[in-house]
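# Summary of structural features
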Amino acid sequence: MDAEEISKILATIELYALEAAYGRAVLAAYSLEQTLYVLLVIRLPKAVVSNKRETFDHEQKKLQKLTLGRLVERVIAEFEIHDHWQEELDNMVYFRNRLVHSIAVDITTSVLRHGNKQRIVEELEEIRSYFIETNREMRKILFACLEPNGLTEEKVNEIARALLSQVNTEV
């Protein structure tokens, strides 16, 4: 293998590392979004108790369509969120938009043309850690709401594993 081939392989590895970091950050943002969605869904059971399943389904579908910014607004309005975490949730909207807009532009233009991929990878990993930390806190709130109904985090994880094993055997 000559120097040019090695250089091409290294450039490909750098690009894959960049794409992987971007994907991990976006998935962390999505995970937070899903936690906020579930927090809001658990406020809908009144419709189910009153035998209005179609009302519940309709409201649930409306929640699924909300942007991260709207989910954050609703969660802050409906739950007792410490001021620090309200600010962090607002920051997550900023970082999510940065991921989807600014960083995507950085990746597709100057970074790919001029190098400096490592700087973007580091920023992506930092943003990912923000989403993970904020999601961890929102999950505490979620499980505090579910626990009175006997749904501890362990129980929910057990149900999820059982569902996943069924899906995996059906595929």
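Residues numbered from 1 in each chain as written. Predicted model: local features only at pLDDT ≥ 70, side-chain atom pairs only at ≥ 80, totals over all residues. Heavy atoms only, no water.

### Brief notes about the side chain of threonine 35
- Take threonine 35: it is sitting in helix H1 (residues 3–41).
- The buried category is assigned to threonine 35, whose relative accessible area is 5%.
- Filtering out sequence-adjacent residues up to four positions away, threonine 35 remains in contact with Asn135, Met138, Arg139 and Leu142. (Helix = DSSP H or I, 4+ residues; strand = E, 2+ residues; numbered from the N terminus. Buried < 20%, exposed > 50% of the residue type's maximum accessible area, 1.4 Å probe, protein only. Contact = heavy atoms within 4.5 Å.)

### Observations concerning the pattern of salt bridges
- Going through the model one piece at a time under the given rule, you end up with 10 salt bridges.
- For arginine 70, the salt bridge goes to glutamate 73, with nearest N and O atoms at 2.9 Å. Within this pair, arginine 70 and its partner glutamate 73 are both found in helix H4 (residues 68–78), separated by 3 residues, close to a single helical turn.
- For arginine 119, the salt bridge is made with glutamate 123, and the minimal N-O distance between the two is 3.8 Å. Here glutamate 123 and arginine 119 lie together in helix H6 (residues 117–146), a separation of 4 residues that amounts to about one turn.
- Relative accessible area serves as the criterion here: at 38%, arginine 119 is assigned to the partly exposed category.
- Three or more residues joined by partner-sharing salt bridges are found here, namely Arg24, Glu125 and Arg128. (Salt bridge = Lys/Arg side-chain N within 4 Å of Asp/Glu carboxyl O.)

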